[in-house]
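Now for the letters of each chain:
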Amino acid sequence: MNMLDMRGAPDATQFAAVPHPTPTAAADRSARLVDPGFGRVFTDHMVTIRYSEAAGWHDATIGPRQNLSFDPSTAVLHYAQEIFEGMKAYRLDDGGTALFRPDANAARFRASAERMAMAPLPEAIFVDAVKAIVRAERDWIPAMPGGALYLRPFMIASEVFLGVKPSSEYLFAIIASSVGAYFKGDAPAVSLWVSRDYTRAAPGGTGAAKCGGNYAASLIAQADAIRRGHDQVLFLDAVERRWIEELGGMNIFFVFDDGTLLTPPLGGTILPGITRDSLITLARDRGLVVREERYAIDQAAADARSGRLTEAFACGTAAVVTSIGAMSFGDDRFTIGNGGAGQVTGALRSALVDLQLGHSPDPYGWHVRLD
């Protein structure tokens with residue numbers, strides 16, 4: 001493959017292709033992919049598309065990954081008009097590559113833009129841009145189990161001004177990172193610290209948008225969880241501080257002894273996860289009852305102790321499906337099930353991964369093969 005191979009790209013959006021002057025040598029790339037971790041190994045190229053009120057979306061380019069340069073008064077630096085997505089490209093057994101539900105990411109990206117008063121990127125252009133970066137960087141997908149090319153589409157307000165108003169100019173970009181497992185270690189499940197002091201989102205806020213401010217606000221609570229010896233933080237609602245909502249970057253499910261599943265309902269304060277939506281569909285098609293209902297933390301503790309709550313898991317693009325073994329809420333710590341991976345959790349994870357990797361039939365049209 002040459003420095004920037006865009007063969008097999010029949011998409012409507014035309015990208016100016018700028019080859020990297022010094023692409024990573026194959027041997028160096030292979031060494032980096034042995035144990036890439038998560039979010040630290042980056043590929044050679046990036047996609048950029050610009051927007052202005054006068055020209056609309058224009059200058060679609062795929063070229064060398066490089067630093068961005070901004071005027072100190074660029075809008076994003078002051079008013080945080082910024083959104084992003086997270087998705088993966090997978091290597092198939094026959095050497096091909098595939099995406100998983102890129103149309104859903106495109107739709108969520110558009111919804112996030114509208115909530116943040118940003119110019120919405122047409123969904124078809126978003127998908128074409130994702131395909132373009134994957135075709136160019138397919139050799140960066142690790143061959144290890146669980147390896148993938150993590151894609152980070154993002155958009156920022158790029159107008160230079162200090163007035164409080166929506167920007168009239170935006171920069172859309174996609175960078176790519178070779179990744180392995182999100183959680184490190186051999187533990188079969190993670191533990192959660194339930195925050196009493198901080199909330200993630202409030203009614204009428206930006207909880208359903210994938211914007212950087214939501215994550216910035218969660219970092220102090222996540223640091224608190226780590227300091228207390230836990231893997232992740234779990235947020236409660238902002239009004240009553242009672243109802244379970246989501247983790248710092250993942251949705252949550254509960255499994256009960258009668259085989260039913262429960263996940264907190266959407267409604268503006270919870271990110272509508274694509275993995276969450278996929279698992280609801282997969283579970284229901286396997287005959288499982290899935291309830292989207294509020295679930296109180298004190299009830300979860302009681303159900304765990306009585307044996308009614310048998311499993312819990314977090315889900316998201318990065319973590320896929322991860323078992324939750326224990327939670328702590330103040331001085332109250334309780335174990336869920338046997339404290340490890342559950343059977344329902346494992347079955348749903350396998351079903352999801354099999355679809356992503358093309359190992360099972362796809363009646364939903366989620367598996368999008370590129371080559």
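It should be emphasised that the depicted structure is a prediction, and the values quoted were computed from it without experimental measurement.

Turning next to the pairing of strand β10 (residues 190-194). A regular strand places its side chains on the two faces of the sheet in alternate fashion. In terms of burial, β10 is a largely internal element, five of the five residues being buried. By the alternation rule, side chains of β10 split into V190, L192 and V194 and S191 and W193, which are all buried. Where β10 lies against strand β17 (residues 320-329), four bridges are found, and the strand directions are parallel. Within β17, the position partnered with W193 by the bridge is S328. Running through helix α5 (residues 212-227), the crossover from β10 to the neighbouring parallel element strand β11 (residues 232-236) is right-handed.

Right, let's talk about empty space enclosed by the protein for a bit. A full pass over the atoms with the stated rule returns one cavity of 30 Å³ or more. The calculated volume of the largest cavity comes to roughly 120 Å³. Looking at the largest cavity, it is lined by 13 residues, and the ones nearest its centre are Y90, F100, T275, T317 and Q356. Counting residues per element, the lining of the largest cavity draws most heavily on strand β6 (residues 87-91), at three residues. By residue class, the composition of the lining of the largest cavity is six nonpolar, six polar and one charged.

The next thing to look at is the nonpolar core. If you look at the biggest cluster of nonpolar residues, it comprises 54 residues, and the most contacted ones within it are I49, W57, F126, L151, M155 and F172. Of all the elements in the fold, those that place two or more residues in this core are β3 (45-52), β4 (56-64), β5 (82-84), β6, α3 (102-115), α4 (123-136), β8 (148-157) and β9 (169-179). Sequence-distant contacts of L151, defined by excluding residues within four places in its chain, comprise E85, G86, M87, L99, V130, I133, V134, I175 and A176. The next biggest cluster of nonpolar side chains, apart from the first, holds 26 residues, and it includes V194, A300, A319 and M327.

So, about the packing of helix α6 (residues 274-285) against helix α8 (residues 343-356). The interhelical angle for the contact between α6 and α8, taken along N-to-C directions, is 110 degrees, at an axis separation of 10 Å. Considered as vectors, α6 and α8 are oriented roughly perpendicular to each other. Every residue of α8 that contacts α6 at T275, S278, L279, L282 and A283 is listed here: L348, A351, L352 and L355.

For the rest of this paragraph, the subject is a nonpolar patch on the surface. Nonpolar side chains collect at one region of the surface, where L68, F70 and L77 lie side by side and expose about 260 Å² of accessible area between them. Within the secondary structure layout, L77 lies in helix α2 (residues 76-79).

On to the environment of E114. Among the secondary structure elements, E114 is positioned in helix α3. Spatially, the C-alpha atoms of E114 and A223 are 31 Å apart, while their sequence positions differ by 109 residues.

With that out of the way, let us pick up the pattern of salt bridges. Considering all chains together, one arrives at 18 salt bridges under this definition. The salt bridge partner of R228 is D224, with a shortest N-O separation of 3.0 Å. The exposure class assigned to R228 is partly exposed, which follows from its relative accessible area of 40%. In this structure, R294 and E240 form a salt bridge, with 3.9 Å as the shortest nitrogen-oxygen distance.

For S350, the position within the fold is in helix α8. For S350, a relative accessible area of 40% gives the class partly exposed. Between the C-alpha atoms of S350 and V321, which are 29 residues apart in sequence, the distance is 9.2 Å.

Turning our eyes to something else, we now look at the side chain of T322. Along the polypeptide, T322 turns up in strand β17. T322 sits in the buried class, given a relative accessible area of 12%. At 3.1 Å, the side chain of T322 forms a polar contact with the backbone oxygen of A319. Contact partners of T322, with chain neighbours within four places excluded, come to F183, V190, A312, F313 and A314.

Below, the discussion takes up the packing of aromatic side chains. This structure, assessed with the given rule, holds 14 aromatic pairs. Seen from their ring centres, F100 and W366 are 5.7 Å apart, and the 80 degrees between their planes marks the pair as edge-to-face. With a gap of 266 residues between them, F100 in strand β7 (residues 97-100) and W366 in the loop between α8 and β19 (367-369) connect regions that are remote in the sequence. Taken as a pair, F100 and W366 share a single burial class, namely buried. Plain terms: the ring middles of F254 and Y295 are 4.8 Å apart, the flat faces sit at 65 degrees to each other, and that makes the pair edge-to-face.

With that settled, the discussion passes to the pairing of β9. β9 sits mainly inside the fold: ten of its eleven residues count as buried. Of the pairings in the sheet, the one linking β3 to β9 comprises six bridges and is antiparallel in character. Counterpart to T48 in the pairing with β9 is A173.

Conventions and cut-offs
- Here, residues in each chain are numbered from 1, in the same order as that chain's written sequence.
- In keeping with the predicted nature of the model, local features appear solely for residues at pLDDT of at least 70, side-chain atom pairs appear and are counted solely at 80 or more, and the whole-chain, interface and lining totals rest on all residues.
- As a convention, hydrogens and water are excluded, and side-chain values are obtained from all of the structure's heavy atoms.
- The classification of residues rests on relative accessible area computed with a 1.4 Å probe and restricted to protein chains. Under 20% of the type maximum is buried, over 50% is exposed, and intermediate values are partly exposed.
- Numbering of helices and strands starts at the N terminus; helices are DSSP runs of H or I of at least 4 residues and strands are runs of E of at least 2.
- When DSSP locates at least two bridges between a pair of strands, those strands are taken to pair.
- Look down the strands so they point away from you; if the path from the first strand over the helix to the second goes clockwise, the crossover is right-handed.
- Cavities and pockets were defined on a 1 Å grid built from protein atoms only: a cavity is a group of points that admits a 1.4 Å probe but offers it no way out, a pocket is an open group of points flanked by protein on both sides within 12 Å along at least five of seven lines, and a lining residue is one with an atom within 4 Å of any such point.
- Grid points are joined across faces, edges and corners, and a volume is the space filled by probe spheres set on the points.
- Each residue gets one of three labels, nonpolar for Ala, Val, Leu, Ile, Met, Phe, Trp, Tyr, Cys and Pro, charged for Asp, Glu, Lys and Arg, and polar for the others, Gly among them.
- Put simply, buried Ala, Val, Leu, Ile, Met, Phe, Trp, Tyr and Cys residues joined by side-chain atoms within 4.5 Å make one nonpolar core.
- Only heavy atoms enter the contact rule, under which two residues are in contact if any of them lie within 4.5 Å.
- Convention adopted: a line fitted to C-alpha atoms gives each axis, helices being fitted over their contacting stretch, and angles between N-to-C directions are expressed from 0 to 180 degrees.
- Angular relationships are summarised with four words: roughly parallel below 35 degrees, roughly antiparallel beyond 145, roughly perpendicular across 65 to 115, and oblique for the angles in between.
- Each patch is built from residues that are more than 30% exposed by relative accessible area and take part in no salt bridge. Like charges join if they lie within 9 Å; nonpolar side chains (Val, Leu, Ile, Met, Phe, Trp, Tyr) join within 5 Å.
- Note on areas: these come from Shrake-Rupley sampling with a 1.4 Å probe, and a residue is covered only by the protein chains present in the view.
- The working definition used for a salt bridge is a side-chain nitrogen of Lys or Arg within 4 Å of a carboxyl oxygen of Asp or Glu.
- Here a polar contact is recorded for every N or O atom pair within 3.5 Å, except that within protein the pair must consist of a potential hydrogen donor and a potential acceptor, and residues adjacent in sequence are included only if both atoms are side-chain atoms.
- The aromatic pairing rule takes the rings of Phe, Tyr and Trp, using the six-membered ring of Trp, and pairs them if the centres are within 6.5 Å, calling planes under 30 degrees apart stacked, those over 60 edge-to-face and the rest tilted.

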